[in-house]
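Read off the chains here:
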Amino acid sequence: MPTLLVRNIALLATFDDGGREIADGAILVRDNVIEAVGTTAELAGRQADRTIDLSGHLVMPGMINTHHHMYQNLTRVMVQDDTLFTWLTTLYPIWARLDDAAIAVSAKVAMAELIASGCTTSSDHLYIAPNDVTLDSTIRAAGEIGLRFHAARGAMSRGQSQGGLPPDSCVEREEAILKDAERLIHTHHDTRRHAMTRIVIAPCSPFSVTPGLMREAAQLARAHDVHLHAHLAEDLDEEAWCEAAFGMRPVAFAESVGWLGPDVWFAHAIFFDAAEIAQFARTGTGMTHCPSANMRCGQGIARIREMLDAGVTCGLGVDGSASNDTSNLFLEARLAQLLQRVAPTRYGSEKPGGRGGFGGSPGALSAREALTMATRGGARLLGRDDVGHLGPGMSADFIAVKLDQLGLSGTQRDPLAAMVMCGPFRVSHSFIDGRQIIADGAFCSLDVEALLAEHAATMRRIWQ
């Protein structure tokens, strides 16, 4: 098995149980697994087939994106100033034109954008399947690009004729959804440690599927030991819809269909009360914070500080490329930190005298907590113990950022915090499963120019 020694790292942030940050650090990789982590001096006697000098770089675990809709980079900057439900109902008919080739190229573009901004593992929630669209095309794209991938088989089954939000042209039959989900599990789901591909069962949202599909999806997932994912408590319109349709709030609905537990994580989870936060903590149910998208659609601020304090597992997600318009996990970590600091929670206070506005707390979320959400938190959401931190036996997924650049000048006191508080940045080097994907800021094998040309041609074909 080939070996790789990365040495002379200015700062190696492991995010291990002890939170070790190693000056003049080094990593020894054998094949696709980390064999040793320490100082350059400690690993000096180790022989390796290849040696890389990362003097002047910060190295940390690759970040984990736990919520995305990759196909949406074909509809960026559309519906710029409307609420979520208007945004969705405007875009549903446009997304109904997609085909499998469009899904494939949009996935490659999204994956490249993620990797360039520090992501090494990502989930993708593909919940619309018109024409010949399949989840398989996104799995093939991840294999070509080299991204560790959790492919979420999303679905919408409750069209407008049944009281749902999406048009009937965008929904599928529930029997077909479940049959395809089982096919995908048998074809692609890899349960081995260091697996590059896993399947997630992911009905879209309470307002686009039936309770029956939610229950059957949970049963199918648990029969095959795969995780469950959906949107929940993303918008006040959703809350009103659930109360009208089911006579209960979104979290109570999730509980009623068997969707709470350590094998479940939800995107957004903004509109929770204290009891619902406690219920998530008690049941081990997780959530993905998507700060950019939540601000883009004017939805609200998730109560991350309270969730973390209660013991809820929280990760980060870029969300769809049409509700965020970019895919940069460094940016999500930065916005997560800043947004919690202005959040009107019990950690802040309303200004006196009725002048309006809220006071925040500058200590509501630290830079390291934000990066922990992007690494260890994401790994826990996906049910993985092989990614999210750096140490012996862990997958060789790590990134390096060059510290000698304009945006990082003056950050020598704390370069790790600078990854959040400055920037956002592109990585100088990226390794996934022991394979170098980016070297000196450029992709090693991906022809980005040709990919962008293919994406532009797809745009012309789909939207003409």
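These numbers were taken from a predicted model, which means no experiment stands behind them. (Residues numbered from 1 in each chain as written. Predicted model: local features only at pLDDT ≥ 70, side-chain atom pairs only at ≥ 80, totals over all residues. Heavy atoms only, no water.)

## What about helix H4 (residues 174-188)?
Along an α-helix, residues three or four positions apart point the same way, because every turn accommodates 3.6 residues. Its 15 residues give H4 an end-to-end C-alpha distance of 21 Å, which sits within 8% of 21 Å, the value for a rise of 1.5 Å per residue. Inspection of H4 places Ile177, Leu178, Asp180, Ala181, Leu184 and Ile185 among the buried residues, and these make up the whole buried set. Within H4, the buried residues cover an arc of 165° as seen down the axis, which keeps them to one side. Counted as exposed and oriented over 90 degrees from the buried face of H4: Glu175, Lys179 and His186. (Helix = DSSP H or I, 4+ residues; strand = E, 2+ residues; numbered from the N terminus. Expected span 1.5 Å × (residues − 1). Buried < 20%, exposed > 50% of the residue type's maximum accessible area, 1.4 Å probe, protein only. Arc of directions from axis to C-beta.)

## Quick notes on the pattern of salt bridges
Within the structure shown, the criterion is met by 26 salt bridges. For Arg368, the salt bridge is made with Glu21, and the minimal N-O distance between the two is 2.8 Å. Pair noted here: Arg368 is in helix H12 (residues 367-381) and Glu21 is in strand E2 (residues 21-30), with a separation of 347 residues, a long-range link. Using a relative accessible area of 34% as the deciding quantity, one classes Glu21 as partly exposed. Where Arg296 meets Asp325, a salt bridge forms, and the shortest distance between an N and an O atom there is 2.7 Å. (Salt bridge = Lys/Arg side-chain N within 4 Å of Asp/Glu carboxyl O.)

## Some details on the side chain of Asn73
Here Asn73 is to be found in the loop between strand E6 (63-65) and helix H1 (84-95). Asn73 gets classed as buried once you look at its relative accessible area, which sits at 3%. Of the polar contacts made by the side chain of Asn73, one reaches the backbone oxygen of Met70; its length is 3.2 Å. Separated by 2.8 Å, the side chains of Asn73 and His455 make a polar contact. Residues contacting Asn73, with those up to four places away along its chain left out, are Ser106, Val109, Ala110, Ser321 and His455. (Polar contact = N/O pair within 3.5 Å; in protein donor to acceptor, adjacent residues only side chain to side chain. Contact = heavy atoms within 4.5 Å.)

## Remarks on the confidence of the model for the protein
Averaged over the protein, the pLDDT score is 93; the fraction of residues at 70 or greater is 97%. Per-residue pLDDT stays below 50 along residues 346-355; that stretch engages in 15 contacts with residues further than four places along the chain or on separate chains. (pLDDT = per-residue confidence, 0-100.)

## Remarks on the pairing of strand E1 (residues 3-13)
Of all the 11 residues making up E1, eight are buried; the element is thus mostly covered by neighbouring parts of the structure. Two strands pair when backbone bridges link them, and E1 and E2 are joined in this way by eight bridges, in the antiparallel orientation. Counterpart to Leu11 in the pairing with E2 is Ala23. Of the strand pairs in this sheet, E1 and strand E4 (residues 50-53) are connected by four bridges, and their pairing is parallel. In the sheet register, Leu4 faces E4, and the bridge partner there is Arg50. Sheet topology note: the E1/strand E5 (residues 57-61) ladder contains two bridges and is parallel. Paired with Leu12 across the strands is Val59, a residue of E5. (Pairing = 2+ DSSP bridges.)

## A look at the packing of aromatic side chains
The geometry of two aromatic rings is summed up by the distance between their centres and the angle between their planes. Taken as a whole and assessed by the stated rule, the structure comprises 13 aromatic pairs. With 5.6 Å between their ring centres and 70° between their planes, Trp87 and Trp95 make a pair best called edge-to-face. No difference in accessibility class separates Trp87 from Trp95, as the two residues are buried. Measuring from centroid to centroid gives 6.4 Å for Trp95 and Tyr127, while their planes differ by 75°, and the two rings are edge-to-face. Of this pair, Trp95 sits in helix H1 while Tyr127 is found in the loop between strand E7 (119-126) and helix H3 (136-145), placing the two residues 32 residues apart along the sequence. For Trp95, a relative accessible area of 0% translates into the label buried. For Tyr127, a relative accessible area of 3% translates into the label buried. One aromatic cluster is present, built from ring pairs that chain together Tyr71, Trp87, Tyr92, Trp95 and Tyr127. (Phe/Tyr/Trp six-rings, centres within 6.5 Å; stacked < 30°, edge-to-face > 60°.)

## Notes on unusual backbone geometry
With the exception of glycine, the majority of residues adopt a negative phi angle, and the majority of peptide bonds are in the trans configuration. Along the chain, Gly423 connects to Pro424 via a cis peptide bond; the corresponding omega equals 15°. Position of Pro424 among the secondary structure elements: in the loop between helix H13 (415-421) and strand E17 (429-432). Its identity is not glycine, yet Val77 carries a phi of approximately 50°, on the positive side. Its relative accessible area of 52% is what places Val77 among the exposed residues.

## Examining the side chain of Glu113
With respect to the secondary-structure elements, Glu113 resides in helix H2 (residues 100-116). A distance of 3.3 Å separates polar atoms of two side chains, one belonging to Glu113 and the other to Thr326. A distance of 3.1 Å separates the side chain of Glu113 from the backbone nitrogen of Ser327, its partner in a polar contact. Each residue touching Glu113, except ones within four places of it in the same chain, is listed here: Arg76, Thr326, Ser327 and Arg426.

## Quick look at the environment of Ala221
Take Ala221: it is sitting in helix H5 (residues 211-224). Of the residues examined, Ala221 reaches a relative accessible area of 0% and is grouped as buried. Along the chain, Ala221 and Gln80 lie 141 residues apart, while their C-alpha atoms are 36 Å from each other. When near neighbours in sequence (up to four residues on either side) are disregarded, Ala221 contacts Ile201, Val226 and Leu228.

## Looking at the packing of H2 against H3
Where H2 contacts H3, the axes come no closer than 9 Å and their chain directions differ by 40°. Classified by the angle between their axes, H2 and H3 sit oblique to one another. By crossing handedness, the relation of H2 to H3 is classed as right-handed. For the pair H2 and H3, the contacting residues are Asp100, Ile103, Ala104, Ala107, Lys108, Met111 and Ile115 in the first and Ser137, Thr138, Arg140, Ala141, Ala142, Glu144 and Ile145 in the second. In terms of residue class, the contact of H2 with H3 is built from eight nonpolar, two polar and four charged. (Axes fitted to C-alpha atoms, helices over the stretch in contact; angles between N-to-C directions. Parallel < 35°, antiparallel > 145°, perpendicular 65-115°, else oblique. Left-handed = near helix turned anticlockwise from the far one by under 90°. Nonpolar A, V, L, I, M, F, W, Y, C, P; charged D, E, K, R; others polar.)

## Considering the pairing of strand E16 (residues 398-402)
Along E16, four of the five residues are buried, which leaves the element largely enclosed by surrounding structure. As defined by bridge partners, E5 adjoins E16 across five bridges and the pair is classed as antiparallel. By the bridge assignment for E16, Pro61 is matched with Phe398. Here three bridges tie E16 to E17, and the two strands are oriented antiparallel to one another. Across the sheet, Ile399 pairs through a bridge with Ser430, a residue of E17.

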